[in-house]
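Remarks on the overall topology
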Amino acid sequence: MLLYTILGLLIHLVFFASIFDIYFTSPLVHGMTPQFTPLPPPAKRLVLFVADGLRADKLYELDENGNTRAPFIRNIIMHEGSWGISHTRVPTESRPGHVALIAGFYEDVSAVAKGWKENPVEFDSLINETRHTWCWGSPDILAMFAKGASGNHVFAYNYEAYSEDFGAQDATKLDTWVFDNVKEFFHAARNNQSLFSKLNEDKIVFFLHLLGIDTNGHAHRPSSREYLNNIKIVDEGLKEIVSTLKDFYGNDGKTAFIFTADHGMTDWGSHGAGHPLETCTPFVTWGAGIKYPQKVLAQKFDDTYLQEWKLENWKRQDVNQADVAPLMAALIGVPFPLNSVGTLPVDILNSTDLFKAESMFTNAVQILEQFKVSLCKELINLALKGLSYYHTYDRFFLAFNVVLGFVGWTSYASLLIIKSHCNLTRGVSKEVKKPSHLLSCSFIAVGVLLALFLLIQACPWTYYIYCLLPLPVWYAVLREFPVIQGLVTLLLTFPPSHFVGYLLLFILGVEVLVLSFFYRYMLTAGLIAFAGWPFITPLWTRAKSTSLSWIFFCLLLAVFPLMPVVGRKPNIFLVVGAGLLVLLLSLFVVTSVLKRKDSLVSEELVLHLLQMLSTVLSICVVYGTHNSLLKKQGLPLINQVVSWIILASSFVMPLLSPLILFDRLFSILVSSMSTYLLLSTGYEALFPLVLSCLMFVWIHMEQETLPQSVVFCKQKVSSIQFTYNTDITQFRDLYLDDIRRAFFLVFFLMTAFFGTGNIASINSFDLASVYCFLTVFSPYMMGALMMWKILIPFALVMCAFEAVQLTTQLSSKSLFLMVINISDIMALHFFFLIKDYGSWLDIGTSISHYVIVMSMTIFLVFLNGLAQMLTTKKLKLCGRPKSHLT
């Protein structure tokens, strides 16, 4: 079993890594010569204001009294500069947004595999091309460009990371800190000759990153008083900074200003996807080289923003987010960022036609005159097609080899199941002869030819793995030719109508699983179909009460995929209600324990009371933290400490419970629910409870489905105990029903993934879920807590299946191979659905679907180990030694 597990993990890791060579090679090209406009630029310096998380509508719209929230910006729009909407791309996150603004390209797709580090790939940026740059703001953003710049011309000033606290009383301090430090900086420069000289040079940039709006949006939502008030504070800060610069430079008219945002935000305070509220950000620019406002009678836009904002008479000039980088480069006369894909918005420039033509020449490389702009665009499009062909040249060849490996591995896993666990072909498999030398020599020859071909082509070493890996897999398949022959003979004796029916049913089941990744309501359809299972089997007459329970909980669980993924408002009462239900179930169990008369009652009773206390504390912490944050009093320290204690104890408590099947499973449920309550904000708190109830019923149902040939070894579920070393001789041969059990497991795992949300979507995560543990922004810690929240339903399903495997004497090796086969068939679907074009949302979703299915094998190994530990390990109270039942 260990050998097959390691082999399966290695093969699937290779298949997983292959998509990044096939679909996601880096599009960045290096070695180009920097291009810049040879004419004198209109500005000596540029100030870039980026209001993190600012939506265009919240800045431009008028309040309920018809007044603007940003009078200074409104005055700029009407009297001094140009304005419009900057259209961002997904993922609408801070890093990709700032890369697009300052480097001019949309984040390299190969960075997906590198964890969004500071600079997963080398790229040029506007800041790198300046003579000097001064930055103020968040350490997460400033470090990205400061560390990536060559030389020592970038100076970054940031506050401490712990200041980014979503539970803080006033997040506007993040912005006022920036404004105050900038004003102090210019005041100190008057008495520092060296600094004063640098500030009076040309080609310099001041970058002000303003995080307060984003923080208030996450904590209070964009429609909150805090978010809207933060906009007013930013507007006042901009006015002060502009006044400070004009005073310092004697109003020389050589300063250009740009005010924009990296991304917007949904009404529920998240971002990452492609909703217009997330992709539409403000763009306002004024100063040196920028056109003054232009009054117009009519404008053609598909939206109704102009009328809503009362700006229909001032010309709106929208830009793509990557267009801002070449605009800034042209304004101060520095080389355009080498990897920029932005188009210079020449209509915004207030300069001569010659300067515009030279700027466009720099932007497009082949432009000589203004009238040749369209020709340049055609050349750029042709070059992009050529690059696309170049990057996808090996795609079909590599994809063919990976698919060959997929099919080979699936075939080999199926043959292993048939050979080892099906008595119908056991006789045939014993007659296997030694494979002929011709077969092995043929595969060696093919391998040598392939290696020579790749060597001549000077291919990367990963290509050798993708191309050579299918050879040993298919060699192992063909070695089992007698088993294949016996299988074909068996299938020929099978009634064709039955065979086609079962095959179509299996295909339908797999397609439902695939479609559930795109349409969550397919899980609902599947659960409704599951509810009808007892009616087509003897279960309805054999165990009517159990069947009714199965139907009830299937239909109840089917409601969750129909609930909204995002946009839901926190409902603390549903969380408290879920906690009370857990307490009610615990009281019922305690009552049954008190009726028992054995030596372990007192120990078990103490454990149940401790778990009930943990649940009560979770309810109190959730309710208290919610109220404290509403009052802007932050996260109480005692609540934070209790939350971490409950989380830590949830790993230990189940190990103290008896090894009796339902006692141990219930202990796991209560301990998991204590933690899950702390990580919940609404209806999802009820999900693990309903899922576990269905799992309890499933255990009973599966024991009732055992065929008559194994009825003699059936035990009462209430008397079965989890054992660490199960006697392999107890395992029986496989039946057709076991394929259904494996499918049920995969379906329940998918339900655990998507039952309350689509984890493939970035903005499905609500940071409020972790506020009981921490409110200071910490991406790794918050991500770990959210991942544990996702894993809890998985653990419950796997623990239940440990019980199913035990009660039905099902081989874990066979289960593992069947689940691998189902997941590999799904993976092949998603392998061909991977996208490397379109929006980042489409690309990221296609990757995450493939990753989820490919990770199922790896996760299954991890979850199986976790489930075995939770169900079979036993710790003793009162200092007794640790042991496990054998």
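Not measured: the values here are computed from a predicted model.

Moving on to the overall build of the chain. Of regular secondary structure, the chain possesses 34 helices and 10 strands. A burial count over the chain gives 55% of its 886 residues as buried. Pairs at least 24 residues apart make up 78% of the contacts formed inside the chain by residues separated by at least 6 positions. Looking at the chain as shown, the accessible area adds up to about 38600 Å², and 64% of this sits on carbon and sulfur atoms.

Backbone hydrogen bonds hold the strands of a sheet together, and the pairing may be parallel or antiparallel. In space, the 8 strands of this open sheet follow the order 4-3-5-1-6-7-2-8, with mixed pairing throughout. Each edge of the sheet is formed by a strand with only one pairing partner; in this case those strands are strand 4 (154–158) and strand 8 (319–320). Relative to strand 8, strand 2 (residues 81–87) is paired through 2 bridges, and the arrangement is parallel. Among the inter-strand pairings, S86 is bridged to a residue of strand 8, identified as V319.

For any pair of aromatic rings, the description rests on two quantities: the centre-to-centre distance and the angle between the ring planes. Inspection of the entire model under this criterion finds 49 aromatic pairs. A ring pair is formed by F517 and F830, whose centres lie 4.7 Å apart and whose planes are at 55°; its orientation type is tilted. Separated by 313 residues along the polypeptide, F517 in the loop between helix 22 (496–516) and helix 23 (521–531) and F830 in helix 33 (residues 812–833) bring together distant segments of the chain. Residue F517 shares its accessibility class with F830, and that shared class is buried. Taken together, the ring pairs in this structure connect W134, W136, F155, Y157, F185, F186, F196, F206, F248 and Y249 into an aromatic cluster.

Below, the discussion takes up the nonpolar core. Counting 142 residues, the largest nonpolar core has F530, W550, L745, F748, M750 and M826 as the members making the most contacts within it. No other element matches helix 32 (residues 779–807), which puts 18 residues into this core.

The next subject is the pairing of strand 1 (residues 45–51). By the criterion of burial, strand 1 is predominantly enclosed, with 7 of the 7 residues buried. Where burial is concerned, the two faces of strand 1 agree: the one with R45, V47, F49 and A51 and the one with L46, L48 and V50 are both buried. Sheet topology note: the strand 1/strand 5 (residues 204–210) ladder contains 7 bridges and is parallel. Looking at the pairing, A51 lines up with L210 of strand 5. Sheet analysis places strand 1 next to strand 6 (residues 255–260), joined by 6 bridges and oriented parallel. The partner of R45 across the bridge, within strand 6, is T255.

It is worth spelling out the confidence of the model for the chain at this point. Predicted coordinates in regions of low pLDDT should not be interpreted in detail. Per-residue confidence for the chain gives a mean pLDDT of 82; residues scoring 70 or more make up 83%. Low pLDDT, under 50, characterises residues 424–432; the stretch is placed with 15 contacts to residues that sit more than four places away or in other chains.

What follows is about helix 25 (residues 544–557). For helix 25, with 14 residues, the first-to-last C-alpha span of 20 Å sits near the 20 Å given by 1.5 Å per residue. Buried residues of helix 25: T546, S547, W550, I551, F553, C554 and L557, and no others. The secondary structure elements touched by the buried residues of helix 25 are helix 23, helix 24 (539–542), helix 30 (687–704) and helix 31 (736–754).

In a regular helix each residue adds 1.5 Å, so 30 residues correspond to 44 Å; helix 27 (residues 601–630) covers 44 Å between its end C-alpha atoms and thus fits that length. Directly beyond the C-terminal end of helix 27, a positive phi value near 60° is found at K632.

Our focus in this paragraph is the pattern of salt bridges. Close approach of charged atoms allows side chains of opposite charge to pair. In total, this model carries 19 salt bridges according to the counting rule given. In this structure, D202 engages K203 in a salt bridge whose closest nitrogen and oxygen atoms are separated by 3.5 Å. Take K203: its relative accessible area is 23%, and that puts it in the partly exposed class. Across the salt bridge formed by R225 and E226, the nearest N and O atoms sit 3.8 Å from each other. Among the charged side chains, a salt-bridge network with shared partners connects R131, E201, D202 and K203.

Here we come to unusual backbone geometry. Despite not being glycine, K310 has its phi angle at roughly 60°, a positive value. For K310, the location among the structural elements is in the loop between helix 12 (305–309) and strand 8. The residue K632 is not glycine, and still its phi comes out positive at about 60°. The topology assignment puts K632 in the loop between helix 27 and helix 28 (637–649). Residue class for K632 comes out buried when judged on its relative accessible area of 18%.

Conventions used here
Every chain's residues receive numbers from 1 upward, in the order its sequence appears when written. Selection of residues for local features in this predicted model requires a pLDDT of at least 70, selection of side-chain atom pairs for listing and counting requires 80 or more, and totals for whole chains, interfaces and linings are taken over all residues. Remark: hydrogens and water are excluded; side-chain values derive from all non-hydrogen atoms of the structure. Only runs of H or I of at least four residues qualify as helices and only runs of E of at least two qualify as strands under DSSP, and these elements are numbered from the N terminus. Exposed residues in this analysis have more than 50% of their type's maximum accessible area, buried residues have under 20%, and partly exposed residues fall in between, with area computed by a 1.4 Å probe over protein chains only. The contact criterion used is simple: two residues touch if any of their non-hydrogen atoms lie within 4.5 Å. Note on areas: these come from Shrake-Rupley sampling with a 1.4 Å probe, and a residue is covered only by the protein chains present in the view. In this scheme, strands are said to pair when DSSP sees at least two bridges between them. Ring pairs are drawn from Phe, Tyr and Trp, using the six-membered ring of Trp, whenever the two centres fall within 6.5 Å, and their geometry is named by plane angle: stacked under 30 degrees, edge-to-face over 60, tilted for the rest. Residues enter a nonpolar core if they are buried and are Ala, Val, Leu, Ile, Met, Phe, Trp, Tyr or Cys, with the set joined through side-chain atoms within 4.5 Å. Looking at any residue, its pLDDT shows the predictor's confidence there, from 0 to 100. How far a helix is expected to stretch is found by multiplying one less than its residue total by 1.5 Å. By salt bridge we mean one thing: a side-chain nitrogen of Lys or Arg within 4 Å of a carboxyl oxygen of Asp or Glu.

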